[in-house]
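Each chain, written out:
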Amino acid sequence: MKDLSVASRYARALELLTGKQVPGGGAALIERLEQTLTDLQGLASVAHDPKAGAFLTAPRVRPDDKRRFLREALTGRALPSVIVFADLLLRKKRLNVLD
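Each value, and the rule that gives it
- Residues numbered from 1 in each chain as written.
- Predicted model: local features only at pLDDT ≥ 70, side-chain atom pairs only at ≥ 80, totals over all residues.
- Heavy atoms only, no water.
- Helix = DSSP H or I, 4+ residues; strand = E, 2+ residues; numbered from the N terminus.
- Rg over C-alpha atoms; globule rule 2.2 N^0.38 Å.
- Buried < 20%, exposed > 50% of the residue type's maximum accessible area, 1.4 Å probe, protein only.
- Axes fitted to C-alpha atoms, helices over the stretch in contact; angles between N-to-C directions.
- Parallel < 35°, antiparallel > 145°, perpendicular 65-115°, else oblique.
- Left-handed = near helix turned anticlockwise from the far one by under 90°.
- Contact = heavy atoms within 4.5 Å.
- Nonpolar A, V, L, I, M, F, W, Y, C, P; charged D, E, K, R; others polar.
- pLDDT = per-residue confidence, 0-100.
- Expected span 1.5 Å × (residues − 1).
- Arc of directions from axis to C-beta.

Caption draft 1: Structural view of the overall build of the chain. When helices and strands are tallied, the chain shows five helices and zero strands. Taking 2.2 N^0.38 as the reference for a compact globule, 99 residues should give roughly 13 Å; the C-alpha atoms of the chain span a radius of gyration of 14 Å, in line with that estimate. If you line up the chain on its principal axes, its C-alpha atoms span 45 × 35 × 20 Å. The proportion of buried residues among the 99 residues of the chain is 35%.

In structure tokens form, the structure reads like this:
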């Protein structure tokens, strides 16, 4: 239950960030939230890939190398806010909240 609580806090923070990026809300906000969800699903697929997941969780891999890998994997494929969010999850060792 604790992990669900943590995941919901991260989800709420990303939702608030997305809401602030789309002034006025409405259809534009819904579209941005849908894109964010799609991008998060892509992030989850990267994190759950056997090779990528092993790399991202390997204690011998330098954190800077992990961050660079994740940034390169997502750049051009995800919204900037999702890339920053992914970096935060990686730094906090919380990629598991994508389960």
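Structure's up, so let's keep going.
Caption draft 2: Examining the packing of helix 2 (residues 26-48) against helix 5 (residues 80-91) more closely. Two elements in contact, helix 2 and helix 5, have axes whose closest approach is 10 Å; the angle formed by their N-to-C orientations is 40 degrees. Considering their axes alone, helix 2 and helix 5 lie oblique with respect to each other. Crossing handedness for the pair helix 2 and helix 5: right-handed. Residues Thr 36, Asp 39, Leu 40 and Leu 43 of helix 2 pack against Val 82, Phe 85 and Ala 86 of helix 5. Looking at the contact of helix 2 with helix 5 residue by residue, the classes come out as five nonpolar, one polar and one charged.

Caption draft 3: Spotlight on the packing of helix 2 against helix 3 (residues 50-57). Viewed as axis vectors pointing N to C, helix 2 and helix 3 meet at an angle of 80 degrees, and their least axial separation amounts to 5 Å. As the angle between them shows, helix 2 and helix 3 are arranged roughly perpendicular. Contacts from Val 46, Ala 47 and His 48 in helix 2 reach Pro 50, Ala 52, Gly 53 and Leu 56 in helix 3. Residue composition of the contact of helix 2 with helix 3, by class: five nonpolar, two polar and no charged.

Caption draft 4: Layout of the confidence of the model for the chain. Predicted confidence across the chain gives a mean pLDDT of 90, with 97% of residues reaching 70 or more. When pLDDT is averaged over each element of the chain, helix 4 (residues 63-74) comes out on top at 95 and helix 1 (residues 2-21) at the bottom at 84.

Caption draft 5: Geometry of helix 4. Along its 12 residues, helix 4 runs 17 Å from first to last C-alpha, staying within 8% of the 16 Å computed at 1.5 Å per residue. Of the positions making up helix 4, those classed as buried are Lys 66, Leu 70, Ala 73 and Leu 74. The buried residues of helix 4 occupy one face: seen down the axis, they fall within an arc of 90 degrees. Buried-residue contacts for helix 4 involve helix 2, helix 3 and helix 5.

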